[in-house]
Amino acid sequence: MPYQWLPTQGDTRQMHLWPYRSLPRRGFVAFIGVTVALVALPLLVLIGSPALWAILPFVGLAIWGVWWALMRSYRDGAIVEALTLGPTRTSLTRDGPRGARHEWEANTHWVQVALHAKGGPVPYYLTLRGGPREVEIGRFLSEEERISLARVLTEAVGLARESRQGV
């Protein structure tokens, strides 16, 4: 699952979540290279012909279109959610594409993890309740990942509450 618990700082734990990337950067370079090679292969028979110059701009435009679409996908997928669980405060910060930032904060004692099997925008819609509003977490995860994350978060919130009671 694309999340990571960062090293604990005192009683505070922090988790980062991000979307799964099926095509890493190294794979992107290989994909573009293979695409250029496969598109250029049929053009070899046109070398020395005026038809090559007529087709070449369209080939370049097609390759640029694939490159642009993949780069746009990377920019739109540049999302990081940071959940901070402390004995007294819980916060969720979502840094999205194009500089969008959303923040939520609540008292840890009142935070509840809610997994809505039905009725949300997606099956197994995962939210955190507490304070004046309810916020979604892990929107970009699959159903199985949201179910697994709900268990992990329920346990982590319980441990954060216990650490407060131990003080």
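Presented here is a report on the structure given in the accompanying data block. (Residues numbered from 1 in each chain as written. Predicted model: local features only at pLDDT ≥ 70, side-chain atom pairs only at ≥ 80, totals over all residues. Heavy atoms only, no water.)

### As for the overall build of the protein chain
Here's step 1: The helix and strand tally for the protein chain stands at three helices and eight strands.
Here's step 2: In the protein chain, the order of α-helices and β-strands from amino to carboxyl end is β-β-α-α-β-β-β-β-β-β-α.
Here's step 3: On C-alpha atoms alone, the protein chain measures out to a radius of gyration of 23 Å, which is more than a quarter above the 15 Å that the 2.2 N^0.38 rule sets for 167 residues.
Here's step 4: C-alpha extents for the protein chain along the principal axes are approximately 80 × 35 × 25 Å. (Helix = DSSP H or I, 4+ residues; strand = E, 2+ residues; numbered from the N terminus. Rg over C-alpha atoms; globule rule 2.2 N^0.38 Å.)

### What to know about the pairing of strand β7 (residues 125-130)
Here's step 1: In terms of residue burial, β7 counts as a mostly covered element, since five of its six residues are buried.
Here's step 2: One ladder, built from five bridges, connects strand β6 (residues 112-116) with β7; its direction is antiparallel. The residue bridging H116 from the neighbouring strand is Y125, located in β7.
Here's step 3: Pairing analysis gives four bridges linking β7 to strand β8 (residues 133-136), with the strands arranged antiparallel. Looking at the pairing, T127 lines up with E136 of β8.
Here's step 4: Connecting the antiparallel pair β7 and β8 is a turn made up of two residues, with G131 showing a positive phi of about 75 degrees. (Buried < 20%, exposed > 50% of the residue type's maximum accessible area, 1.4 Å probe, protein only. Pairing = 2+ DSSP bridges.)

### Here we look at the packing of aromatic side chains
Here's step 1: Considering all chains together, one arrives at two aromatic pairs under this definition.
Here's step 2: Consider the rings of F28 and Y74, whose centres lie 5.9 Å apart with planes at 85 degrees: the pair is edge-to-face. Highlighted residues: F28 in helix α1 (residues 25-40) and Y74 in helix α2 (residues 50-76), separated in sequence by 46 residues.
Here's step 3: The exposure class assigned to F28 is buried, which follows from its relative accessible area of 8%.
Here's step 4: Residue classification places Y74 among the buried positions, given a relative accessible area of 11%. (Phe/Tyr/Trp six-rings, centres within 6.5 Å; stacked < 30°, edge-to-face > 60°.)

### Description of α2
Here's step 1: Look at α2: 40 Å from first C-alpha to last across 27 residues, which is about the 39 Å you get at 1.5 Å a residue.
Here's step 2: All of the buried residues along α2 are L52, V59, I63, M71 and Y74.
Here's step 3: In the core, the buried residues of α2 are packed alongside α1.
Here's step 4: The N-cap residue of α2 is S49: its side-chain oxygen and the backbone nitrogen of A51 are 3.2 Å apart. (Expected span 1.5 Å × (residues − 1). Contact = heavy atoms within 4.5 Å. Polar contact = N/O pair within 3.5 Å; in protein donor to acceptor, adjacent residues only side chain to side chain.)

### Quick word on the nonpolar core
Here's step 1: Ranked by internal contacts, the top residues of the largest apolar core, which has 19 residues, are L83, L92, W104, L128, I137, L149 and L153.
Here's step 2: For this core, the elements supplying multiple residues, two or more each, are β2 (13-17), β3 (80-85), β5 (101-107), β7 and α3 (143-165).
Here's step 3: With six residues, α3 is the single largest residue contributor to this core.
Here's step 4: Setting aside its immediate chain neighbours within four residues, L83 contacts R13, Q14, M15, T90, S91, L92, L128, I137 and L153. (Core = buried A, V, L, I, M, F, W, Y, C linked by side-chain atoms within 4.5 Å.)

### Some points on the packing of α1 against α2
Here's step 1: Between α1 and α2, whose axes approach to 11 Å, the crossing angle comes to 165 degrees. With respect to their mutual orientation, α1 and α2 come out roughly antiparallel. Two packed elements cross with a definite hand, and for α1 against α2 that hand is right-handed. In this structure, α1 contributes R25, F28, F31, I32, V36 and V39 to the contact, and α2 contributes V59, I63, V66, W67, L70, M71 and Y74.
Here's step 2: For the contact of α1 with α2, a count of residues per class yields 12 nonpolar, no polar and one charged. (Axes fitted to C-alpha atoms, helices over the stretch in contact; angles between N-to-C directions. Parallel < 35°, antiparallel > 145°, perpendicular 65-115°, else oblique. Left-handed = near helix turned anticlockwise from the far one by under 90°. Nonpolar A, V, L, I, M, F, W, Y, C, P; charged D, E, K, R; others polar.)

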